[in-house]
Amino acid sequence: MSTIKVGIAGLGRLGKVHAKNLCYRIPGASLTAACSIMESELDYAKRELGVNDVYTDFHEMLGKADIDAVAIVTTSGEHCWQIEAALAAGKHVFCEKPLGVTIEECRQAERAVEKYSDRVFFLGFMRRYDQSYAYAKKKIDEGAIGKPYLVKATGIDPEALVEGAIRFCGTSGGIYIDMAIHDIDLMRWFLGADATEVYALGCTFKHPEFEENGDCETGCAMFEFENGALGQIHVGRTAPHGYHIETEIVGTEGSIRISPVPAKNLAVIYDKHGAVQECVESFPVRFAESYQLEMEEFISCIREGRKPGVTVYDGTKSTEMAFAAAESFKSHRAVKIS
């Protein structure tokens, strides 16, 4: 197949990551169109990416742009109708997480993917493409730690970026929906099962703005899975040292730990403070390679006529778990997950 021509919708912080990858780093792909409601983002597409076919209306891009596929990196509430519209227009679709902001939206996306089954639909759970997480999954499948029965996941955004989190906390859906969705997906992936119940709590000690908006700055949740396994999540927004992502998978014969120290690189500084490893600053830095690899896989799926391992149903299941955790946090009770 010739080069896959892609149009991107949304050129915020993550949209720029995907756009630059499509422009410069993905074999067999070309970014040929861009859509945004922000004129500054369209100016960026023209100035920095050399993409001059730009639109402020998503439907117009679908109808006029010379594209084979669409990368949706817009506000979460726009995802599902844009997925449906793009598939109906004959385009292959890459969509960032979350799949939707309500379960009904997720079902809408499921129906669209089922209806247009000849198109590739790819959901951006990029951590599955991180080399460390992919290696852990491979070792689990090989039986290296026996039967996995517990996943402990920590994900804490840096205090240095907390103002942005505060600004959007009233519309983000809350800490479990906004932050925990990747950890939830990994728990399902590693344990090979779906959750049946969750109990979640939250607290705020530093930034009362979160509490004022019905959210929290730190959340802890415990999931029970249908096979008896457990999942434990700690999410937060105030890591003083940087972007802290850590995962441990415990099995009957051993365990695997990923990033117990969120190191920026392998360098260690020895000075009056002792032996110091600098920490990674943000998710675009920590998962830069993962974002590239997942987009490479999307393009490869189109060129080779195959479907990706991550499905639309993974998006729905993870969203259901995140919403159940949010409900548990607000109600102070355990919540069953259908």
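Quick caveat, the model's predicted, so the values are computed rather than measured. (Residues numbered from 1 in each chain as written. Predicted model: local features only at pLDDT ≥ 70, side-chain atom pairs only at ≥ 80, totals over all residues. Heavy atoms only, no water.)

Colleague: What is the right way to read the packing of helix α1 (residues 13-24) against helix α12 (residues 288-304) from this model?
Modeller: Each pair of packed helices can be described by the angle between their axes along with the distance between the axes. Running from amino to carboxyl end, α1 crosses α12 at an angle of 60°, the nearest separation of the two axes being 10 Å. In terms of axis orientation, α1 runs oblique to α12. Here α1 and α12 pass one another in a crossing that is right-handed. Facing α1, whose interface residues are Leu14, Val17, His18, Asn21 and Leu22, α12 presents Tyr291, Gln292, Glu294 and Met295. Partitioned by chemical class, the residues of the contact of α1 with α12 number five nonpolar, three polar and one charged. (Axes fitted to C-alpha atoms, helices over the stretch in contact; angles between N-to-C directions. Helix = DSSP H or I, 4+ residues; strand = E, 2+ residues; numbered from the N terminus. Parallel < 35°, antiparallel > 145°, perpendicular 65-115°, else oblique. Left-handed = near helix turned anticlockwise from the far one by under 90°. Contact = heavy atoms within 4.5 Å. Nonpolar A, V, L, I, M, F, W, Y, C, P; charged D, E, K, R; others polar.)

Colleague: Help me understand the side chain of histidine 18 in this model?
Modeller: For histidine 18, the position within the fold is in helix α1. Of note is the side chain of histidine 18, whose polar atom sits 2.8 Å from the side chain of glutamate 96. Aside from chain neighbours lying at most four places away, what touches histidine 18 is Ile8, Val73, Phe94, Glu96, Tyr291, Glu294 and Met295. (Polar contact = N/O pair within 3.5 Å; in protein donor to acceptor, adjacent residues only side chain to side chain.)

Colleague: Can you walk me through the UniProt feature "domain: GFO/IDH/MocA-like oxidoreductase" (unreviewed entry) in the protein chain in this structure?
Modeller: Cross-referencing UniProt, the feature "domain: GFO/IDH/MocA-like oxidoreductase" (unreviewed entry) maps to residues 133-257 in the present numbering. Here residues 133-257 runs as 29% helix and 40% strand, with 10 Å between its end C-alpha atoms. (UniProt positions renumbered as here; feature names shortened; annotations may be inferred.)

Colleague: Can you help me understand the sheet that holds strand β15 (residues 335-336) in this one?
Modeller: Strand pairs in the sheet, formed through backbone hydrogen bonds, run parallel or antiparallel to each other. Within the open sheet, the seven strands sit side by side as β12-β11-β7-β10-β9-β8-β15. Their pairing is mixed. Looking at which strands have only one partner, the edges of the open sheet turn out to be β12 (254-258) and β15. As paired strands, strand β7 (residues 148-158) and strand β11 (residues 244-251) are joined by eight bridges and run antiparallel to one another. Within the sheet, the bridge partner assigned to leucine 150 lies in β11 and is valine 250. On the sheet, helix α6 (residues 131-141) packs against β7, β11 and β12 and is oriented at approximately 170° with respect to β12. Of the strands in this sheet, β7, β9 (218-225), β10 (230-239) and β11 touch helix α9 (residues 181-191), which is tilted by about 160° from β7. (Pairing = 2+ DSSP bridges.)

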